[in-house]
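# Residue-level structure breakdown
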Amino acid sequence: MCKDYPVKLFFSRFGKRGKWHLLLSTNTSLPYIKVLEFHQVRWTIKVFFKESKQYLNLGGCQSKNFDAQIAVALRSSASPGVAFSIF
């Protein structure tokens, strides 16, 4: 079942020739600046996880075992000739 939720839309463009961006908030009492601040924090976290997955190969291990995931991350980030010990 789907319910109707009120939303607040913010359209913004940076510069005269910049692309338009849409920010949507389900908290209709928040001003534009607060929604923008929340988006900036969320975007920073999203980029961090994307780069972590890309450079540490964190998304490459299908195992649910934490030790196996750590081993894959260490192996993928190691330079040739570097050995790791896990105690």
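What you are looking at is a predicted structure, and each value in this text was computed from that prediction instead of being measured.

So, about the overall build of the protein. A tally of regular secondary structure across the protein gives 2 helices and 2 strands. Starting at the N terminus, the α and β elements of the protein follow one another as β-β-α-α. Considering only contacts within the protein whose residues lie at least 6 apart along the sequence, 2% involve residues at least 24 apart. Split by element, the accessible area of the protein, about 8,100 Å² in all, is 60% carbon and sulfur.

A low pLDDT means the predicted coordinates there should not be read in detail. With 79% of its residues at a pLDDT of 70 or more, the protein has an overall mean of 80. In the model of the protein, helix H2 (residues 66–77) stands out as the element of lowest mean pLDDT, 74, in contrast to strand S1 (residues 8–13), which has the highest, 92.

This part takes up the pairing of strand S2 (residues 20–25). The two faces of the sheet receive side chains in turn, since in a regular strand these alternate between them. Taken together, the 6 bridges between S1 and S2 define a ladder with antiparallel strand orientation. By the bridge assignment for S2, arginine 13 is matched with tryptophan 20. Counting the residues between successive antiparallel strands, the hairpin from S1 to S2 contains 6 residues, one of them, glycine 15, with a positive phi of roughly 85 degrees.

Reading the values: the criteria
- Per chain, residue numbering runs from 1 following the sequence as it is written.
- Only residues with pLDDT of 70 or above have their local features reported here, since the model is predicted, and side-chain atom pairs are shown and tallied only from 80 upward, although totals for entire chains, interfaces and linings are computed over all residues.
- The basis for the side-chain values is all heavy atoms of the structure; hydrogens and waters are excluded.
- Numbering of helices and strands starts at the N terminus; helices are DSSP runs of H or I of at least 4 residues and strands are runs of E of at least 2.
- In what follows, residue pairs with any heavy atoms lying within 4.5 Å of each other are defined as contacts.
- Computed with the Shrake-Rupley method and a 1.4 Å probe, the accessible areas treat only the protein chains shown as cover for residues.
- Residue-level confidence of the predictor is what pLDDT reports, using numbers from 0 through 100.
- For two strands to count as paired, DSSP must find a minimum of two bridges between them.

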